Amino acid sequence: MSLPTKRSATATSSSATSSSATSAAANIYSLAPMKKAKSQALSACSPLDSPSSNKNDPRHDDHRAAANLSRKKATLPQPTKKLVIKLLKAKPTLPTNFEEDTWAKLQSAIKAIFLKQPDSCDLEKLYQAVNDLCLHKMGGNLYQRIERECEAHISAALQSLVGQSPDLVVFLSLVERCWQDLCDQMLMIRGIALYLDRTYVKQTPNVRSLWDMGLQLFRKHLSLSPEVEHKTVTGLLRMIERERLGEAVDRTLLNHLLKMFTALGIYAESFERAFLECTSEFYAAEGMKYMQQSDVPDYLKHVEIRLHEEQERCLLYLDASTRKPLIATAERQLLERHISAILDKGFMMLMDGHRIEDLKRMYSLFSRVNALESLRQALSSYIRRSGQATVMDEEKDKDMVFSLLQFKASLDTIWEESFSKNEAFSNTIKDAFEHLINMRQNRPAELIAKFLDEKLRAGNKGTSEEELEGTLDKVLVLFRFIQGKDVFEAFYKKDLAKRLLLGKSASIDAEKSMISKLKTECGSQFTNKLEGMFKDIELSKEINESFKQSSQARTKLPSGIELSVHVLTTGYWPTYPPMDVRLPHELNVYQDIFKEFYLSKYSGRRLMWQNSLGHCVLKAEFPKGKKELAVSLFQTVVLMLFNDAQKLSFQDIKDATGIEDKELKRTLQSLACGKVRVLQKMPKGRDVEDDDSFAFNEGFTAPLYRIKVNAIQMKETVEENTSTTERVFQDRQYQVDAAIVRIMKTRKVLSHTLLITELFQQLKFPIKPADLKKRIESLIDREYLERDKSNPQIYNYLA
């Protein structure tokens, strides 16, 4: 190697970038020039050349001259010298047989590890020996020698298991011990040869680490010993089956052996496939057996327990990858195969028994196997089948609404607590209820209106306002399902009229609340007439106050009588058939005076007296005490006859009152044959005949001072029911006619099929196609429509 010249040495000594090796060479061979350069450097930075020194000093000029002379001498060319460095020592050589001797130490230690014997050489020396071999590029040979030693031992260890104990648990313990020993031994060998793993293995592609090499050898020789592998898998499957049958097994042993399969990379192929097949067979047999022997609640509990056990099994010793296929296999065999059988055998029983927890379990399990659609269909069938007996049985009409409310409340509870408020199930309940409640056209609507009448009528004193409001809300739910809401409206209006006119309403606030609910549900048009009825009642109060203060009332009214009149608007109230009656003179006078007052105040109006709706309070004197009798107007007229007679025949009463036979018999029956017998009938009996006689009951007694006898007015007669229904059907005909004309006016020409389809969409009540056809024929006869000449199935609108 050539060294720098003196010039370069001088330059290097004044530079800050020269390497240490070069500087050392310059110091040895160019000592004199280096000193000179140093003195030059010192002179260059002398204080005499400092800008702060005195330039007028004569020494300053001398120094400058000396410095210039020095710089000229330093730039003179210097002769170069070539220096050569010679190695004083020879290259070190390895001892003879170094690799073999070192391997002999390592081999002895590895064999001692495999034989579980102590070794004389300590671990530090063994680790150093591996380092030495790797540093001298002998890592490849060392790796192969270690691999051969490991393979020989692993092969022998696995071969020793062939033909071992027929007891599978004992055999599994031997396999587990063999595996555990190998793991411990490979960890110790890897600890000694750690440097080999970190250098040779990392630097050489496609070479496994010592640990992976040990696993690969174990896997290789296990596959070469099929008896050992098969016996191990069989033992594992038997242990798991025993555990499923309730026996206690060594779960730690299972855990270790299955981790061995996972570590060797043969878990899925060697164990999991066979395990899932055995699981499928086990649960297929168990499912069939339990379905035959157990009822549905117990079977569902068993399935839930089994699925929990399999989940726990995955956590304790099975590989995590097995959880999904294992649970799916158990669900398929225990649930999917038996969905229909479970529903057929137990669903109705659970629903009838209101078994919330069991139904919740069924819903949860069915959701796991995507069988909720089957459960939903079963629910729909159950509602229709169970409710049909309630709706279609005419003998149960009295309790129909109450039963439906209980049924709906039960279903709502099950939906909330068992079916997790699933929206699809909610819609199923609604659809099934709508179908159920409309199986009998019109009748459920009528009964719901009557149920509300019963709840809103005075007499439900034990019911709080909150409870009454809650009942109204529940009934409103049933009302939503009704298709023929016009039937409900007709009967509700009829009953409301009686409650208002006879003073039988439990709460005006409750009445108005119900109308508000109906208005929200159906719109203002639906409740327009009902609201008008309340307006008439309020207005009547004002009219009565004005009448009492009028001059007619003060001067002309007979004494001893107080009369209150309800003035009703014809369009708002139900239509009542006129009933003639000969009123007492005092009442006739009172009516005439009120009529005179009213017509003087409201000209152009006409008053029609509805005697059938009148009610009175009579003061009666019985030998056993005075009483006040709350009675109807007809009852009043009959009773006042007995002021002048002790005994009257049926014909006498009829002639005196002018009441028609049927109504008179009802009236007399209520007075002489009911709970409150103000009159006595001769002969005794429940029915009134034409030849019966009646007398004032002098022995009448009752604990209360005021006695209600006029319940007869609240009861609905057959004629009243029939006329209400007929009015609804008549109104429907008008609606159908109007809908037909409206559709044909828009479309001009339409086929019979399309017209019927559009009518079904527009009409809000159920109607038969045959009835629609009759209305179409009626409009053709009235020349609103005509048949097409070329096709009688097509109608033309006549403008």
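Caption draft 1: Region of interest: the overall build of the protein chain. For the protein chain, the helix and strand inventory stands at 33 helices and nine strands. Burial statistics for the protein chain: of 799 residues in total, 43% are counted as buried. Once local pairs closer than 6 in sequence are excluded, the contacts in the protein chain between residues at least 24 apart make up 70%. Split by element, the accessible area of the protein chain, about 45,200 Å² in all, is 51% carbon and sulfur.

Caption draft 2: Representation of helix 12 (residues 251-264) in the model. The end-to-end C-alpha separation of helix 12 is 20 Å, in line with the 20 Å expected for 14 residues at 1.5 Å each. Here helix 12 has its buried residues at Leu253, Leu254, Asn255, Leu257, Leu258, Met260, Phe261 and Leu264. Looking at the buried residues of helix 12, the elements they touch are helix 8 (168-192), helix 10 (210-223), helix 11 (226-244), helix 13 (267-293) and helix 14 (296-316). The backbone nitrogen of Thr252 lies 3.1 Å from a side-chain oxygen of the residue at the head of helix 12, namely Asp250. Where helix 12 ends, the next residue or the one after it, Gly265, has phi of about 80°, a positive value.

Caption draft 3: Region of interest: a negative patch on the surface. On the surface, Glu465, Glu466, Glu467 and Asp509 cluster together into a patch of negative charge. Here the element with the most residues in the negative patch is helix 22 (residues 465-481); it accounts for three residues. Within the fold, Glu465 resides in helix 22. Judged by relative accessible area, Glu465 falls into the exposed class, the value being 61%.

Caption draft 4: The arrangement of the sheet that holds strand 6 (residues 706-708) in detail. Judged by pairing direction, the sheet is mixed, and its three strands sit side by side in the order 1-2-6 without closing on themselves. In this open sheet, the two strands that pair with only one neighbour each are strand 1 (615-622) and strand 6. Ignoring which end each strand starts from, the neighbouring axes of this sheet average 25° apart. Strand direction decides the pairing type here: strand 1 and strand 2 (residues 625-632), joined by eight bridges, are antiparallel. Across the sheet, residue His615 finds its bridge partner in strand 2, namely Ser632. The sheet contacts of helix 28 (residues 633-640) involve strand 1 and strand 2, and relative to strand 2 the element is tilted by about 135°.

Caption draft 5: Just the sheet that holds strand 8 (residues 785-787), in detail. The three strands lie next to each other as 7-9-8, forming an open sheet whose pairing is antiparallel. Looking along the sheet, the strands with just one partner apiece sit at the ends: strand 7 (749-751) and strand 8. For this sheet, the mean inter-axis angle between neighbouring strands, taken without regard to orientation, is 30°. Bridge analysis of strand 8 against strand 9 (residues 794-797) gives three bridges, and the strand direction is antiparallel. Bridge pairing in strand 9 places Glu786 opposite Asn796. Its contacts with the sheet put helix 32 (residues 752-762) on strand 7 and strand 9, and the angle it makes with strand 7 is roughly 90°.

Caption draft 6: Structural context of the pairing of strand 4 (residues 679-682). By the alternation rule, side chains of strand 4 split into Leu679 and Lys681, which are all buried, and Gln680 and Met682, of which none is buried. Inspection of the sheet shows strand 4 paired to strand 5 (residues 693-696) by four bridges, in the antiparallel sense. Within strand 5, the residue paired with Gln680 across the bridge is Ala695.

Caption draft 7: Fine view of the pattern of salt bridges. Evaluated as defined, the whole model comprises 37 salt bridges. For the salt bridge of Arg177 with Asp181, the shortest nitrogen-to-oxygen distance reads 2.9 Å. With Arg177 and Asp181 both in helix 8, this residue pair falls four residues apart, about one helical turn. Taking relative accessible area as the criterion, Arg177 reaches 41% and is therefore assigned partly exposed. One salt bridge in this structure joins Glu628 and Arg706, with 2.9 Å as the shortest N-O distance. Note that Glu628 is positioned in strand 2 and Arg706 in strand 6, a separation of 78 residues in sequence. Overall, Arg706 belongs to the partly exposed group, its relative accessible area being 47%.

Caption draft 8: How the structure looks around the confidence of the model for the protein chain. Confidence in the prediction for the protein chain averages 83 pLDDT; 87% of positions are at 70 or higher. Low pLDDT (under 50) marks residues 1-75, which in the prediction has 42 contacts with non-local residues, meaning those over four places away or in another chain.

Caption draft 9: How the structure looks around the packing of aromatic side chains. Enumeration according to the criterion identifies 25 aromatic pairs in this entry. Here Phe488 and Tyr492 contribute two aromatic rings whose centre-to-centre distance is 5.5 Å and whose plane-to-plane angle is 20°, an arrangement assigned as stacked. Of the two residues, Phe488 and Tyr492 are both situated in helix 23 (residues 485-501); the distance of four residues between them amounts to about one turn of the helix. There is no split in this pair, since Phe488 and Tyr492 are both buried. An angle of 55° between the planes, with centres 6.0 Å apart, marks the rings of Phe547 and Tyr590 as tilted. Taken as a pair, Phe547 in helix 25 (residues 524-549) and Tyr590 in helix 27 (residues 585-601) lie far apart in primary sequence, 43 residues in all.

Caption draft 10: Structural view of the environment of Glu660. Of note, Glu660 is situated in the loop between helix 29 (650-657) and helix 30 (661-672). C-alpha separation for the pair Glu660 and Met579, spaced 81 residues apart in sequence, amounts to 7.9 Å.

Caption draft 11: Expanded view of unusual backbone geometry. Cis peptide bonds are those with omega within 30 degrees of zero, and the linkage from Met682 to Pro683 qualifies with -10°. Here Pro683 lies in the loop between strand 4 and strand 5. A positive phi is found at Ser420, a non-glycine position, where the angle reads about 55°. By secondary structure assignment, the location of Ser420 is in the loop between helix 19 (400-417) and helix 20 (423-437).

Caption draft 12: Just the nonpolar core, in detail. In terms of nonpolar packing, the biggest core is built from 84 residues, with Phe347, Met362, Ile383, Phe488 and Tyr492 touching the most fellow members. The biggest single contributor to this core is helix 23, with nine residues. The contacts of Phe347, once residues within four sequence positions are left out, are Ile342, Leu359, Met362, Leu375, Ala378, Leu379, Tyr382 and Phe419. Phe114, Leu182, Val207 and Val233 belong to the second largest nonpolar core, which has 64 residues in total.

Caption draft 13: Layout of the packing of helix 21 (residues 443-456) against helix 23. Where helix 21 contacts helix 23, the two axes come as close as 8 Å, and the packing angle between them is 25°. On the basis of their axis angle, the class for helix 21 and helix 23 is roughly parallel. Crossing handedness for the pair helix 21 and helix 23: right-handed. Counting all contacts with helix 21, which are made through Ala445, Glu446, Ile448, Ala449, Lys450, Leu452, Asp453 and Leu456, the residues of helix 23 involved are Val487, Phe488, Phe491, Tyr492, Asp495 and Arg499.

Parameters and conventions
- Residues numbered from 1 in each chain as written.
- Predicted model: local features only at pLDDT ≥ 70, side-chain atom pairs only at ≥ 80, totals over all residues.
- Heavy atoms only, no water.
- Helix = DSSP H or I, 4+ residues; strand = E, 2+ residues; numbered from the N terminus.
- Buried < 20%, exposed > 50% of the residue type's maximum accessible area, 1.4 Å probe, protein only.
- Contact = heavy atoms within 4.5 Å.
- Areas by Shrake-Rupley, 256 points an atom, 1.4 Å probe, with all protein chains shown as cover.
- Expected span 1.5 Å × (residues − 1).
- Polar contact = N/O pair within 3.5 Å; in protein donor to acceptor, adjacent residues only side chain to side chain.
- Patch = residues over 30% accessible without salt bridge, like charges linked within 9 Å, V, L, I, M, F, W, Y side chains within 5 Å.
- Salt bridge = Lys/Arg side-chain N within 4 Å of Asp/Glu carboxyl O.
- Lys, Arg positive; Asp, Glu negative; His and termini not counted.
- Charge placed at Lys NZ, Arg CZ, Asp CG, Glu CD.
- Pairing = 2+ DSSP bridges.
- Axes fitted to C-alpha atoms, helices over the stretch in contact; angles between N-to-C directions.
- pLDDT = per-residue confidence, 0-100.
- Phe/Tyr/Trp six-rings, centres within 6.5 Å; stacked < 30°, edge-to-face > 60°.
- Core = buried A, V, L, I, M, F, W, Y, C linked by side-chain atoms within 4.5 Å.
- Parallel < 35°, antiparallel > 145°, perpendicular 65-115°, else oblique.
- Left-handed = near helix turned anticlockwise from the far one by under 90°.

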